Amino acid sequence: FLALVSIDVIIGPLLTFTIFTPQKSRRALVFDIVVIGALQFSALTYGLWSLSMARPAYLVFENNQFTIVRAIDILSKEESPFFAAIRSLSNSGPKIVALRPFKDAREQFDFTMEALSGVPLATRTDLWRPYEASIPIVLKVGRPVSQSPKFSAHLALNRPDLAQSRLVYLPLQV
């Protein structure tokens with residue numbers, strides 16, 4: 001965001017003052033300003049696109065942790081039931097999904113080999129399923145908040161209304 005602002009707010013006027021000379025004709029100055037405006041607009045468009053692709057789009061529960069998946073990391077597959085959801089990413093924050101269990105040992109081996117070659121399981125939309133189906137697993141593998149002095153102290157200070165004995169937490173991989 002800072003790069004985006006610095007390019008559009010600082011670089012544009014700096015270039016304008018650099019190319020401006022009273023000796024140039026009005027037509028040459030107008031051309032220079034139009035070129036600088038086009039460059040700034042292009043930089044702004046690219047910057048906004050970069051920000052939208054870098055934002056967290058999904059929070060994926062996989063095995064015993066949550067993984068943040070950026071919009072640009074999603075490997076969209078036509079056969080995925082989530083394909084339509086991928087095309088219309090939420091602007092209100094990341095959506096929560098979970099990985100489904102592997103169908104068989106062969107599928108597990110294939111996806112593990114792909115993960116070792118650089119394709120994280122969390123980005124595989126064909127493995128996604130609704131998060132609600134995984135809530136019992138999350139509660140089972142979650143670590144009790146009461147066992148973490150750091151979390152307990154934070155919750156006691158900020159949310160004393162929550163019963164810490166019923167809360168669990170999981171690691172988050174970015």
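Basis of the calculations
Residues numbered from 1 in each chain as written. Predicted model: local features only at pLDDT ≥ 70, side-chain atom pairs only at ≥ 80, totals over all residues. Heavy atoms only, no water. Core = buried A, V, L, I, M, F, W, Y, C linked by side-chain atoms within 4.5 Å. Buried < 20%, exposed > 50% of the residue type's maximum accessible area, 1.4 Å probe, protein only. Helix = DSSP H or I, 4+ residues; strand = E, 2+ residues; numbered from the N terminus. Phe/Tyr/Trp six-rings, centres within 6.5 Å; stacked < 30°, edge-to-face > 60°. Polar contact = N/O pair within 3.5 Å; in protein donor to acceptor, adjacent residues only side chain to side chain. Pairing = 2+ DSSP bridges.

Q: Lay out the nonpolar core with the relevant residues and their values.
A: Among soluble globular proteins, nonpolar side chains are generally buried collectively. In terms of nonpolar packing, the biggest core is built from 13 residues, with Tyr58, Val60, Val69, Ile74, Leu99 and Trp128 touching the most fellow members. Every element with two or more residues in this core is listed here: strand S1 (56-62) and strand S3 (95-99). In terms of residue count, S1 provides more of this core than any other element does, 3 residues in total. Phe66, Ala98, Tyr131 and Leu170 belong to the second-largest nonpolar core, a separate cluster that totals 6 residues.

Q: Kindly report on the packing of aromatic side chains, identifying the contributing residues and their values.
A: Geometrically, a pair of aromatic rings is defined through the distance of the ring centres and the angle of the planes. Here the structure, examined in full by the defined rule, presents 5 aromatic pairs. Ring centres of Tyr58 and Trp128 lie 4.5 Å apart, and the angle between their planes is 50°; this geometry places the pair in the tilted category. Of this pair, Tyr58 sits in strand S1 while Trp128 is found in strand S4 (residues 128-130), placing the two residues 70 residues apart along the sequence. The exposure class assigned to Trp128 is buried, which follows from its relative accessible area of 3%. Among the aromatic residues, those joined into a cluster by ring pairs are Phe61, Phe66 and Tyr131.

Q: I'd like a rundown of the environment of Trp128, residues and numbers included.
A: In the structure, Trp128 is positioned 19 residues away from Phe109 in sequence and 17 Å away in space, judged by C-alpha atoms. A polar contact of 2.9 Å, which involves the side chain of Trp128, links it to the backbone oxygen of Ala122.

Q: Please provide a residue-by-residue account of the pairing of S3, values included.
A: The pairing of S1 with S3 spans 4 bridges and is parallel. Along S3, the bridge assignment pairs Tyr58 with Lys95. Note that S3 and S4 share 3 bridges and pair antiparallel. For Val97, the partnering residue across the bridge sits in S4 and is Pro130.

Q: Provide a residue-level description of the side chain of Arg129, including the pertinent values.
A: Mapped onto the fold, Arg129 is located in strand S4. A polar contact is formed between the side chain of Arg129 and the side chain of Ser134, at a distance of 2.9 Å.

Q: I'd like a rundown of the sheet that holds strand S2 (residues 65-70), residues and numbers included.
A: Spatially, S4-S3-S1-S2-S7 is the arrangement adopted by the 5 strands of the open sheet, whose pairing is mixed. Edge positions in the sheet fall to S4 and strand S7 (172-173), since each has one partner strand and no second. Sheet topology places S1 next to S2; 6 bridges connect them, and they run antiparallel. Paired with Val60 across the bridge in S2 is Thr67.

Q: Pulling in residues and values, what's your account of the pairing of S1?
A: By the criterion of burial, S1 is predominantly enclosed, with 5 of the 7 residues buried. Connecting S1 to the next strand, S2, in antiparallel fashion are 2 residues, including Asn63 with a positive phi near 60°.

Note that every value here comes from positions in space, so none of it alone points to a role or purpose.
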